[in-house]
Amino acid sequence: MKVLTSDWNSSKAQLMFVRRQVFIIELGVDERDEWDEQDECAVHFVAFGTTAVPIGVCRLTEDGQIGRLAVLPNYRQQGNGTLLLRKALQVAREMNLKDIYLHAMVDVQTFYHAHGFETDGRIFTEAGKPHVKMVRTL
């Protein structure tokens, strides 16, 4: 798998394809909650396997929030999410960000915990789903 660093304008079709499949169709997130003003200014990451079809995406905002990490179902449990997250952390270091945070869906917080993120355990609702805030110092 290869992870490319991009921007919204250059990779909009690939980013929207994966996020629509995972967040809107699979998880039932309302489309109005999926797209926001952060997309335009965030650094985006697109993962590809052996074809030109994207298999995963992620974004990093200017204030250090990692978000919208999604991997298509057939490509999960193969290390693709880890590669996307590692690339986002690498770019965050290059941007001289010291503290990184994310809003993890409760059922996937163990994934982020395995990568050094910690939470206070407070659950809140975002896009109709239970989340926890997780932080990591670089």
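Structure: see above.
Residues numbered from 1 in each chain as written. Predicted model: local features only at pLDDT ≥ 70, side-chain atom pairs only at ≥ 80, totals over all residues. Heavy atoms only, no water.

Undergrad: What is the right way to look at the packing of aromatic side chains in this model?
TA: The description of an aromatic ring pair rests on the distance of the ring centres and on the angle between the ring planes. A full pass over the atoms with the stated rule returns 3 aromatic pairs. Seen from their ring centres, tryptophan 8 and tryptophan 35 are 6.3 Å apart, and the 50° between their planes marks the pair as tilted. Pair noted here: tryptophan 8 is in helix H1 (residues 8–26) and tryptophan 35 is in the loop between helix H2 (31–34) and helix H3 (38–41), with a separation of 27 residues, a long-range link. We classify tryptophan 8 as buried; its relative accessible area is 6%. (Phe/Tyr/Trp six-rings, centres within 6.5 Å; stacked < 30°, edge-to-face > 60°. Helix = DSSP H or I, 4+ residues; strand = E, 2+ residues; numbered from the N terminus. Buried < 20%, exposed > 50% of the residue type's maximum accessible area, 1.4 Å probe, protein only.)

Undergrad: What is the right way to read the nonpolar core from this model?
TA: Nonpolar side chains tend toward joint burial in soluble globular proteins. Membership of the largest hydrophobic core comes to 23 residues, with the highest contact counts inside it found for Phe45, Ile66, Leu84, Tyr112 and Phe117. Mapped onto this core, the elements with two or more residues apiece are strand S2 (43–48), strand S3 (54–60), strand S4 (65–71), helix H4 (80–94), strand S5 (99–105) and strand S7 (129–137). Sort the elements by how many residues they give to this core and H4 lands first, with 6 residues. Setting aside residues no more than four positions away along its own chain, tyrosine 112 makes contact with Leu69, Leu85, Leu102, Ala104, Phe117 and Met134. Formed by 12 residues, the second largest nonpolar core is a distinct cluster that contains Phe48, Val57, Ala70 and Met105. (Core = buried A, V, L, I, M, F, W, Y, C linked by side-chain atoms within 4.5 Å. Contact = heavy atoms within 4.5 Å.)

Undergrad: What am I meant to see in the pattern of salt bridges here?
TA: Here the idea is simple: oppositely charged side chains can pair when their charged atoms come close. Evaluation of the coordinates by the stated rule reveals 10 salt bridges. A salt bridge links aspartate 36 to arginine 59; the shortest N-O distance between them is 2.9 Å. One end of the pair, aspartate 36, is in the loop between H2 and H3; the other, arginine 59, is in strand S3, and 23 residues separate them in sequence. Looking at aspartate 36, the relative accessible area reads 25%, which means it is partly exposed. On the basis of relative accessibility, which here comes to 4%, the residue arginine 59 falls in the buried class. Among the ionic pairs, arginine 122 bridges to aspartate 120, the shortest N-O distance being 3.3 Å. Per residue, the accessibility class of arginine 122 equals that of aspartate 120, and both read exposed. Where salt bridges share partners, they join Arg19, Glu34, Asp36, Asp39, Arg59 and Arg68 into one cluster. (Salt bridge = Lys/Arg side-chain N within 4 Å of Asp/Glu carboxyl O.)

Undergrad: Would you mind showing me how to read the sheet that holds strand S1 (residues 2–6) here?
TA: The strands that make up a sheet pair up through hydrogen bonds in the backbone, lying either parallel or antiparallel. Pairing is mixed across the open sheet formed by 7 strands, whose spatial order is S1-S2-S3-S4-S5-S7-S6. One side of each edge strand has no neighbouring strand; the edge strands of this open sheet are S1 and strand S6 (118–126). On average, each strand axis in the sheet is tilted by 25° relative to the strand beside it, whichever way the strands run. Contacting S1, S2, S3, S4 and S5, H1 runs over the sheet at an angle of about 110° to S3. Across the sheet, H4 touches S1, S2, S3, S4, S5 and S7, and the angle it forms with S4 is around 155°. (Pairing = 2+ DSSP bridges. Axes fitted to C-alpha atoms, helices over the stretch in contact; angles between N-to-C directions.)

Undergrad: Help me understand H1 in this model?
TA: Working note: α-helix, 3.6 residues per turn, so residues spaced by three or four point in the same direction. When the terminal C-alpha atoms of H1 are compared, their 22 Å separation across 19 residues is substantially less than the 27 Å that a helix rising 1.5 Å per residue should span. Its maximal kink placed at glutamine 14, H1 deviates by approximately 40°. Here H1 has its buried residues at Trp8, Ser11, Leu15, Val18, Arg19, Val22, Phe23 and Ile24. Backbone nitrogen of asparagine 9 and a side-chain oxygen of the N-cap are separated by 3.1 Å at the start of H1; the cap is aspartate 7. (Expected span 1.5 Å × (residues − 1). Bend = angle between axes of the 7 residues up to and from the residue. Polar contact = N/O pair within 3.5 Å; in protein donor to acceptor, adjacent residues only side chain to side chain.)

No statement about biological role is implied by the geometric values presented.
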